[in-house]
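Below, each chain spelled out in residue letters.
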Amino acid sequence: MTVPLNLSFADANSEALYLTLKFFDDSSQTAVSAFASCTSDNFVLAKQDKTLGCQVTFNDSEVDVSTALNAQFIVNVYDTNGNPIKGAEVYIDDASIPIGTTGEDAFTTDGALVFTTTVGAHDIKAQAIGFMVQKAVTAAPLSINNVDLYLSQRQDTTDHIETANYDMRVASTANVNITPTTTQVNAQTTLSQRLPTLNVDYDKKTGVARVIYNKTGYLTEAEPAKSTATVVMDFLHQQRDLLRLSDTDLTNVSQQVRQTQATGSQRYYFQQQRYGRDIFNALLQVNVNRDGRILSINNDFSPAVDQVIVNKATPVISVQQAIINGARKVGINLIHQPKIDSEDLSRDDQKTTLTAMTASKEPIDATLVYFPVKGDQLRLAWSFILFTHDQRHVYQMLVDAQNGDVLAFFDQVDSDSYEAFPIPVESPNHATPLNARQTMTNPAASPGSPWKWHDLDASIGAEYTIMRIMTPITVVHLRGQSLIVVLGLIVYFHWI
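The sections below set out a description of the structure shown in this document. (Residues numbered from 1 in each chain as written. Predicted model: local features only at pLDDT ≥ 70, side-chain atom pairs only at ≥ 80, totals over all residues. Heavy atoms only, no water.)

### Describing the overall build of the protein chain
And step 1. Along the backbone of the protein chain there are 7 helices and 29 strands.
And step 2. Taking all 496 residues of the protein chain together, the buried fraction comes to 42%.
And step 3. Of the roughly 26500 Å² of accessible surface on the protein chain, 49% is carried by carbon and sulfur atoms. (Helix = DSSP H or I, 4+ residues; strand = E, 2+ residues; numbered from the N terminus. Buried < 20%, exposed > 50% of the residue type's maximum accessible area, 1.4 Å probe, protein only. Areas by Shrake-Rupley, 256 points an atom, 1.4 Å probe, with all protein chains shown as cover.)

What follows is the structure, encoded as structure tokens:
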């Protein structure tokens, strides 16, 4: 029998607490004595939740008690700070499969597990967050045994692991090559009749039209009667077949607009969403000149997400466990359970701020996102960033919210990686084949950029992790167009 009780103590730091329960017959209105009672062992309660057990003694000889000759254990698992650990695996003796996991029973506290086993000597072991603890106990027949375990011994005693970027999609989509559909080919043919020098680059992993631009002009003409926002949305909806997107894909977005003061050009950024959650790195950018004519489109959306994500999923893995799993993947074993500072469960993305000082020197902001694996597969994931204490790494982490697998992590500081047209390619127009961009790692060239592109003062640690280039540039104007040469890379822009 389990009796859930919530109790508070005036002196939470007492070291001589015990609990006595007495049971009375409800049918007796004038009960003088209890028909049964139990008293727990002495216990310590230092700002902890705790699940306790005690053996019931029946005072009425007429009460029929049937039970097996075994023993019951109530195990409470804590980190070194005394915080209950939910999700700790508890093992008996040499078993390779845990007897249970703490916090799964609705009638226990987060760090507790109740189970029954045989009498005699046992080794009780718990492990979680990269730590373990083991305790020898001896159980008498019909006994109730309260066992407190404090995680203190590292499971992995190796030094910090220097780990490169990881993305599970690299292996799982290595042989994926999605070709344009007949609908896309027809849409490109139709648009090419109006724009003979049209170029379209397709993404082999998703099938969407990734880049659309006109070699010798614009994608649209100036329409003074329309707002720029209307021109942009009209063109996207008109070309949705070419883009391989649905109206729903183009509607469920968040939007930002940036304008260049010198030229008046605008960049429309659309972040794809589903059920109020961002699809990771699913951005669509539309570049518009000062007259409202569209220059080009860059598209990293996932196609037909309303057909891929039919139902709004609920996370199975807690955000704390996701941080533990992510940190462990890059060689960081947490000493304490991540502490939730704030959370907003009313938001679709369940934005949560946590503190996990062993893993990150900065507070951790975590949100739920959808991680695109390929065109017809997206996985619900926790997204967060870890700032390591050595200031050498800023890890963007993505952990599956259903099974806890680390889907990807990207170091935003340790290595500079860009997709670009390398020298001697003068511009996208001169690239053969059209999509001749290459991933270039650490392309900064000395003496122009002796500290690389993300460092300003030659001290260890980048001052920023966004894509800024702190490199002198040369701008050459050629027949109404601008060629920008950036020490080691050539980037081609239309002069507007």
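### What to know about the pairing of strand β4 (residues 71-78)
The side chains of a regular strand alternate, residue by residue, between the two faces of the sheet.
And step 1. For β4, the tally of buried residues reaches 7 of 8 residues, placing the bulk of the element in the interior.
And step 2. Bridge analysis of β4 against strand β7 (residues 112-117) gives 6 bridges, and the strand direction is antiparallel. Residue pairing across strands places isoleucine 74 opposite valine 114, the latter belonging to β7.
And step 3. Looking at chain direction, β4 and strand β10 (residues 144-150) are connected through 7 bridges and run parallel. Looking across to β10, one finds that phenylalanine 73 is bridged to asparagine 145. (Pairing = 2+ DSSP bridges.)

### Considerations on the sheet that holds β4
And step 1. If you trace the 3 strands from one edge of the open sheet to the other, you get β7-β4-β10, paired in mixed fashion. The sheet is open, and its two borders are formed by β7 and β10, each paired with just one other strand. Taken pair by pair, the neighbouring strands of this sheet meet at an average axis angle of 20°, ignoring direction. (Axes fitted to C-alpha atoms, helices over the stretch in contact; angles between N-to-C directions.)

### Observations regarding the pattern of salt bridges
And step 1. Scanning the model with the defined rule gives 11 salt bridges in all.
And step 2. When the shortest N-O distance is used, the salt bridge between lysine 361 and glutamate 362 registers 3.3 Å.
And step 3. Relative accessible area serves as the criterion here: at 32%, glutamate 362 is assigned to the partly exposed category.
And step 4. Within this structure, Glu223, Lys226 and Asp234 form a network of salt bridges that share partners. (Salt bridge = Lys/Arg side-chain N within 4 Å of Asp/Glu carboxyl O.)

### Side note on the nonpolar core
Generally speaking, soluble globular proteins have nonpolar side chains that are buried together.
And step 1. Ranked by internal contacts, the top residues of the largest apolar core, which has 56 residues, are Ile212, Leu236, Leu284, Val286, Ile297 and Phe384.
And step 2. Setting aside anything within four residues of it in sequence, one finds leucine 284 in contact with Leu236, Leu245, Leu250, Tyr268, Tyr269, Phe270, Ile297, Asn298, Asn299 and Phe301.
And step 3. Among the nonpolar cores identified, the runner-up in size contains 20 residues, and Val75, Ile85, Ile124 and Leu149 belong to it. (Core = buried A, V, L, I, M, F, W, Y, C linked by side-chain atoms within 4.5 Å. Contact = heavy atoms within 4.5 Å.)

### Things to note about the packing of aromatic side chains
And step 1. Within the structure shown, the criterion is met by 7 aromatic pairs.
And step 2. Judged by centre distance (6.3 Å) and plane angle (5°), the ring pair of phenylalanine 280 and phenylalanine 410 falls under stacked. Note that phenylalanine 280 is positioned in strand β17 (residues 277-288) and phenylalanine 410 in strand β24 (residues 406-411), a separation of 130 residues in sequence.
And step 3. Taking the relative accessible area as the measure of exposure, phenylalanine 280 reaches 12% and is therefore buried.
And step 4. Taken together through their ring pairs, the aromatic side chains of Tyr166, Tyr395 and Phe409 make up a single cluster.
And step 5. Looking at arginine 274, its charged tip hangs above the ring of tyrosine 275, at a distance of 4.3 Å from the centre. (Phe/Tyr/Trp six-rings, centres within 6.5 Å; stacked < 30°, edge-to-face > 60°. Lys NZ or Arg CZ within 6 Å of the ring centre and 35° of its normal.)

### Looking at helix α2 (residues 182-194)
And step 1. Helix length check: α2 (13 residues) gives 19 Å between terminal C-alpha atoms against 18 Å at 1.5 Å per residue, within 8%.
And step 2. All of the buried residues along α2 are Gln184, Ala187 and Leu191. Around the axis of α2, the buried residues are gathered within 65° of arc, so they sit on the same side. For α2, exposure combined with an orientation more than 90 degrees from the buried face picks out Thr182, Thr190 and Gln193.
And step 3. In this fold, the buried residues of α2 make contact with β13 (198-202), β14 (209-214), α3 (228-238) and α4 (240-243). (Expected span 1.5 Å × (residues − 1). Arc of directions from axis to C-beta.)

### Things to note about the environment of leucine 242
And step 1. Within the element layout of this structure, leucine 242 appears in helix α4.
And step 2. By relative accessible area, which is 0% here, leucine 242 ends up buried.
And step 3. Along the sequence, leucine 242 and threonine 182 sit 60 residues apart, while their C-alpha atoms lie 9.8 Å from each other.
And step 4. Other than its neighbours up to four places away in sequence, leucine 242 contacts Gln184, Ala187, Gln188, Leu191, Val200, Tyr202, Ala209 and Ile212.

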